[in-house]
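Take a look at the letters that make up each chain.
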Amino acid sequence: MLERRRLLRRTATAFAGAGASWLLPMRAVRAQTADPMMGDYAGFVAGIRQEAIRQGLTAPGVMRALDLSAPNMKVIERDRNQPEFHLTWAQYRARVLTQHKVDDGRAAFARERAVLEQQVLTRYDVSPGAVMGIWGLESAYGTLTGSFGVVDALCTLAFEGRRAKFFHGELLKALAILNAGDITPESMTGSYAGAMGQPQFMPSAYLKYAVDIDGDGRRDIWHSMPDIFGSIAAYLAGSGWVAGESWGQEASVPDSLPQSELGHARTRTLGAWMKLGVRQVGGIPFARPDMTGAVLRPDGPGGEAFMVYRNFAAIRRYNPSDFYALAVGLLGNEIT
C-alpha cells in the first residue's frame, strides 16, 4: 500500500509536467511522460482486464472503458481532502433543509408527479415523500450528479490502496453494468467515489436495486425519470419499507429523560414512551400506543426530538446517518 502511494506521488509529478495530459487515454499519457511508473498503472489495468475476461465481461464497452482509463489525480485529491464537519443537528438542518431546497422540490414534484405516481408507486408501495427526499438530498433533483468517469474513478481508487478491496469490487461491478449494455463508458458518470446517476448508487447498489420502469431494456438512472424513481423506490422496498406507515414525526420529550435511553436502536411501544413523558408536539398523546418506535434527540436536552418508526430504518439503509434520514423524511413531508 505504501509503495502504491509513493508511485501515485510520482505520477502526480509527471502529470504536473504534462499539463492537462491526465485527461488523455492511458497510452497517450504514458508516451508523453515517459515515466516508468505509468507502466505500473497500466499493469494494474491489464490485471483488471484479465479478471474481467475470466468473469465473462468482454463487451466492447468494458474493453473501451479500460483502454481509456488513466489515474485521475482529482479523484485522489478529493479522497484525501474530504472536509470533516462536526455539525449539530440544528446546523445540519439549517444547511440542508433550506427554503430553496423545498421550493425546488415542490416544483420538481409538480413536474414529475405523474411519472412517480402512475409508473412507480403502482409497483412499489412506498412513500412519494421518501423518494423525493432522497432524490433531493442525493443529487439536488438531478442537477448535481457528478462528472467523473466512474470506471476511471474506481480504477484510481482501487489502484491507490486506501480501501482498495472495496473499490476493486465496485470496479468489477461497474464493468458488469457496462457489459450488460445499460450505459456506455462515456455516459457512466458520477461522484469521485463512483456513486452514479441521480440516485447516486454505487455499482453494487445498482446491480441489486436498479430497475427498468420505462421498458426500454436498460436501467438508466442517469436520464430516465421512471427508472430513477423506480430504482429509489426499489431500494426502499428492499430495505424493509412498510406500506402505510410514517417514517416518523417531531415529538415532545422531557429534558429529564436521559440521552442514554434514546437512539434509533432503543425501541419501545408508544405506550411505554408515553409513560416516560414522551408525547406528540403540543402534548398530544400518540394515537397508537401499541406501535413501536424510537426517540431521537440529536442535540440533547433542549433540542428538537423525533419519534421514528420502522421506515426510518429503511431510509437509513440508503445512508446510515440519523441526520440524513431525518432530513429525507422532513424534506419529503415539505415537498409532498
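Relevant structure appears above.
Residues numbered from 1 in each chain as written. Predicted model: local features only at pLDDT ≥ 70, side-chain atom pairs only at ≥ 80, totals over all residues. Heavy atoms only, no water.

Trainee: In this structure, what is going on with the overall build of the protein chain? I would like to understand it.
Mentor: Helix and strand counts for the protein chain come out as 15 helices and 7 strands. Looking at the protein chain residue by residue over its 336 residues, the buried ones come to 50%. A separation of at least 24 residues holds for 69% of the contacts in the protein chain among residues at least 6 apart in sequence. (Helix = DSSP H or I, 4+ residues; strand = E, 2+ residues; numbered from the N terminus. Buried < 20%, exposed > 50% of the residue type's maximum accessible area, 1.4 Å probe, protein only. Contact = heavy atoms within 4.5 Å.)

Trainee: Any chance you could explain the pattern of salt bridges here in plain terms?
Mentor: Side chains carrying opposite charge are able to pair once their charged atoms draw close together. Following the criterion strictly, the structure yields 17 salt bridges and no others. The shortest N-O distance in the salt bridge between Arg 49 and Asp 67 comes to 2.6 Å. With a gap of 18 residues between them, Arg 49 in helix α3 (residues 37–54) and Asp 67 in helix α4 (residues 60–67) connect regions that are remote in the sequence. For Asp 67, a relative accessible area of 29% puts it in the partly exposed group. Salt bridges linked by common partners bring Asp 79, Arg 80, Glu 160 and Arg 162 together as one network. (Salt bridge = Lys/Arg side-chain N within 4 Å of Asp/Glu carboxyl O.)

Trainee: Please clarify how the packing of helix α9 (residues 150–160) against helix α10 (residues 164–180) should be interpreted in this entry.
Mentor: How two helices pack is summed up by the angle between their axes together with the distance between the axes. Where α9 meets α10, the axes come as close as 8 Å, and the angle between the chain directions of the two elements is 155 degrees. Classified by the angle between their axes, α9 and α10 sit roughly antiparallel to one another. Here α9 and α10 pass one another in a crossing that is left-handed. Judged by residue contacts, Val 150, Val 151, Leu 154, Cys 155, Leu 157 and Ala 158 of α9 engage Ala 164, Phe 167, His 168, Glu 170, Leu 171, Ala 174, Leu 175 and Leu 178 from α10. Of the residues belonging to the contact of α9 with α10, the class tally is 12 nonpolar, 1 polar and 1 charged. (Axes fitted to C-alpha atoms, helices over the stretch in contact; angles between N-to-C directions. Parallel < 35°, antiparallel > 145°, perpendicular 65-115°, else oblique. Left-handed = near helix turned anticlockwise from the far one by under 90°. Nonpolar A, V, L, I, M, F, W, Y, C, P; charged D, E, K, R; others polar.)

Trainee: It is not clear to me how the packing of aromatic side chains should be interpreted in this structure. Could you clarify?
Mentor: Any pair of aromatic rings gets described here by the distance separating the centres and the angle formed by the planes. With the rule as written, the count across this model stands at 15 aromatic pairs. Ring centres of Phe 201 and Tyr 235 lie 5.6 Å apart, and the angle between their planes is 45 degrees; this geometry places the pair in the tilted category. Taken together, the positions of Phe 201 in the loop between β2 (189–190) and α11 (203–209) and Tyr 235 in helix α12 (residues 225–238) put the pair 34 residues apart, joining distant regions of the chain. This pair shows no difference in class: Phe 201 is buried, exactly as Tyr 235 is. (Phe/Tyr/Trp six-rings, centres within 6.5 Å; stacked < 30°, edge-to-face > 60°.)

Trainee: Explanation requested: unusual backbone geometry in the structure shown.
Mentor: With the exception of glycine, the majority of residues adopt a negative phi angle, and the majority of peptide bonds are in the trans configuration. Although it is not a glycine, Ala 140 sits at a positive phi angle of roughly 50 degrees. Secondary-structure assignment places Ala 140 in the loop between α8 (128–139) and β1 (148–149). Overall, Ala 140 belongs to the buried group, its relative accessible area being 17%. One non-glycine residue, Gln 200, lies in the positive phi region at around 55 degrees. Relative to the assigned elements, Gln 200 resides in the loop between β2 and α11.

Trainee: Would you mind going over the environment of Gly 215 with me for this structure?
Mentor: Structurally, the position occupied by Gly 215 is in the loop between α11 and α12. For Gly 215, a relative accessible area of 59% gives the class exposed. Put simply, Gly 215 and Asp 227 are 12 residues apart on the chain and 9.1 Å apart in space, counted from C-alpha to C-alpha.

Trainee: Please clarify how the sheet that holds strand β3 (residues 248–252) should be interpreted in this entry.
Mentor: In sheet architecture, strand pairing relies on hydrogen bonds along the backbone and comes in two forms, parallel and antiparallel. Strand order in the open sheet formed by 5 strands is β4-β6-β7-β3-β5, and the pairing between neighbours is antiparallel. Both edges of this open sheet fall to β4 (267–269) and β5 (279–280), since each of them pairs with a single strand only. Packed on one face of the sheet, helix α15 (residues 322–335) meets β3, β6 (292–296) and β7 (305–308) and runs near 80 degrees to β7. (Pairing = 2+ DSSP bridges.)

Trainee: Got a minute to help me understand the nonpolar core in this structure?
Mentor: Generally speaking, nonpolar side chains in soluble globular proteins are found buried as a group. Counting residues in hydrophobic clusters, the biggest one holds 89 residues, and the most contacted among them are Leu 175 and Met 188. Contact partners of Met 188, with chain neighbours within four places excluded, come to Phe 148, Gly 149, Val 150, Val 151, Ala 174, Ile 177, Leu 178, Ile 183, Met 196 and Trp 222. Judged by nonpolar contacts, the second largest core, of 14 residues, contains Leu 257, Leu 270, Phe 286 and Ala 305. (Core = buried A, V, L, I, M, F, W, Y, C linked by side-chain atoms within 4.5 Å.)

Trainee: I'm lost on the pairing of β3 in this one. Help?
Mentor: Every regular strand shows the same layout, with side chains that alternate between the two sheet faces. Here 4 bridges tie β3 to β7, and the two strands are oriented antiparallel to one another. Paired with Ala 251 across the bridge in β7 is Ala 305. In this structure, β3 lies alongside β5, joined through 2 bridges in antiparallel fashion. Bridge pairing links Ser 252 to Arg 279 in β5.

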